[in-house]
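# Geometric and topological summary
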Amino acid sequence: MVRATMTEPVVQVEHLRKEFNGTVAVADVSFHVGRGEIVGVLGPNGAGKTTTIQVLLGLTTPTSGSVRVFGLDLERHRCEILHRCNFCSAYTALPANLRVRENLRVMGGLYGVPDLFRKMDELLALFEIGHLKDKTTGQLSSGESTRVNLCKALLNTPELLLLDEPTASLDPNIADKVRKLLRKIQREQGITMIYTSHNMRDVEEVCDRVLFLHRGRIIAEGTPQEVIAKFNQKSLEEVFITVARSGDLLGVET
Amino acid sequence: MSWHRIQALVLRYTYLYARSVPRVTEIFFWPLMDLLVWGYVTLYLQRVSNISGPSRVFMFLLSAMIFWDILYRAQQGVTLSFLEDVWARNLLNVFVAPVRVGEFVLATYIVGLVRIAITICVLSVLAYALYSFNIFSLGMSLLPFFANLVLMGWALGMVTTALIMRWGQAAEALAWGVPFLLQPVAAVFYPLDVLPRWVQLIAVCIPATHVFEGMRQVLRGEGVSSTSLTAAFALNVVYLVAAALFFRYMFGVARRKGLLAKLGTQ
């Protein structure tokens, strides 16, 4: 297995372009993500965030450009790369009629997790849902489901974790707990994370750096504070609204 | 190929069936309905034809029905396993895991084999109990016949799954319909020579036709035709390779068009 060196970025995306039947979803996106960074990918609907994440997960192939993860070409080493990644989305679910521990056992098997049962217990305890392990996933509240999904996403101790709106269905209390936990896990394990969210408070709190996408291009990149300053706004939320309403006026070519 | 990933996928389907009474019932329900309807229709035909004792027509029809179910279950094993992940919005979790296409397909084959084994057991016991018909009277020749039907079912399953992957849940009806497109041509319930000449030319290109012709030959007491079995096997090899290539191609198309992600979150 080839390991990325400390200096080599975990994710290297160069001139990524993705078209669907002539419609441009991602026009030209280049970015790097360093080891241990949490990078937020932001933008209004249709900006190209989801497509970019799907390309990084190998679910969609790029029209052009290159994607390297852990220094490996994604297209040629898809399985090897996915073995070291994981994904959590508010828009996917684990089979509803399986128990929590059964779902985690299956997913752990897919990643070949050693000492799986211990790992499962650890994660369930970490997310304070150990008492739910014998419940079917369909019986859980959306907050509990999200936490089970996060357990699934951390089962293989991923080096790269892609999170697609992980707090979308959570109440403010649980969302706050999840954000803090993600930060804690990242600090302890040095996991690299790519994070998409429409909740700008999430992003400001969790992300080291953000990429602002609009119409398939990156229009701003930097720490949340740098991006806020660049757009002369008071918060990321205001930046988001400005970009969503007048992105074209900001000199973005499509 | 990684055995632990195949094992995990099979485990996932095992849990799914163990947790769901409707899914388990579905394994028995249609074969049982077929057995009852076909069984009593043939008993009636036997009576109006004034045939006494066990007739060949009776054996032909019941054997054909049981054999057809093997093919159908093999196809369903592949396609329904895929659809289960679509319905559960779990497809993304599977395909963002390091699962290779071959491992996914192999797992669906194994699930299909288990479904077939259960179906055969139930049907053979019921056929014996209701009609004193013993499918195992065909002897060892059953095995190559079964194997060929399973291979053809797998090939059909891969093609239907690939089509669903390409056209989404709108194409779901194919999961149940595709085998029945071939049924009239594959000489399942009647001999090949009943079909018009030009249809026969198509029929001989279908592996199942040779299995059903061979099965009738055995029931007539003429022994196993190695020609039928070889033809069926050779055709199955060709179709399995073609189906695997088609599946792989469609998987590529689905990735290019972003359909896997769409199907996984629908």
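For the structure, check the block above.
Figured I'd write up the structure that's included with this text.

Criteria and thresholds
Residues numbered from 1 in each chain as written. Chains lettered and ligands numbered in written order. Predicted model: local features only at pLDDT ≥ 70, side-chain atom pairs only at ≥ 80, totals over all residues. Heavy atoms only, no water. Contact = heavy atoms within 4.5 Å. Buried area = accessible area lost by both parts, 1.4 Å probe. Salt bridge = Lys/Arg side-chain N within 4 Å of Asp/Glu carboxyl O. Polar contact = N/O pair within 3.5 Å; in protein donor to acceptor, adjacent residues only side chain to side chain. Helix = DSSP H or I, 4+ residues; strand = E, 2+ residues; numbered from the N terminus. Nonpolar A, V, L, I, M, F, W, Y, C, P; charged D, E, K, R; others polar. Core = buried A, V, L, I, M, F, W, Y, C linked by side-chain atoms within 4.5 Å. Buried < 20%, exposed > 50% of the residue type's maximum accessible area, 1.4 Å probe, protein only. Expected span 1.5 Å × (residues − 1).

The interface of chain A with chain B comprises 33 residues on the first partner and 31 residues on the second. When chain A packs against chain B, the two sides together hide about 3000 Å² of surface, and 58% of this comes from carbon and sulfur. In this structure, the connection of chain A to chain B is made through two salt bridges. For Glu-102 of chain A, the salt bridge identified is with Arg-19 of chain B, shortest N-O distance 2.3 Å. Here chain A is connected to chain B by 14 residue pairs in polar contact (both at pLDDT 80 or more). Elements with a minimum of two residues in the side of chain A that touches chain B: strand S1 (11–20), helix H2 (78–83) and helix H3 (100–111) of chain A. With seven residues, H3 of chain A is the largest single contributor of residues to the side of chain A that touches chain B. For the side of chain A that touches chain B, a count of residues per class yields 15 nonpolar, 11 polar and seven charged.

With 174 residues, the main nonpolar core has Phe-212 of chain A together with Phe-67 of chain B as its most contacted residues. The dominant element in this core, judged by the number of residues it contributes, is helix H3 (residues 56–87) of chain B, at 18 residues. Setting aside anything within four residues of it in sequence, one finds Phe-67 of chain B in contact with Ile-135, Leu-138, Leu-142, Phe-145, Phe-146, Leu-149, Val-211, Phe-212 and Met-215 of chain B.

What follows deals with helix H10 (residues 226–256) of chain B. Here H10 of chain B spans 44 Å end to end across 31 residues, near enough to the 45 Å set by a 1.5 Å rise per residue. Residue Gly-258 of chain B follows H10 of chain B closely and has a positive phi angle near 70 degrees.

Purely geometric numbers; function is a separate question.
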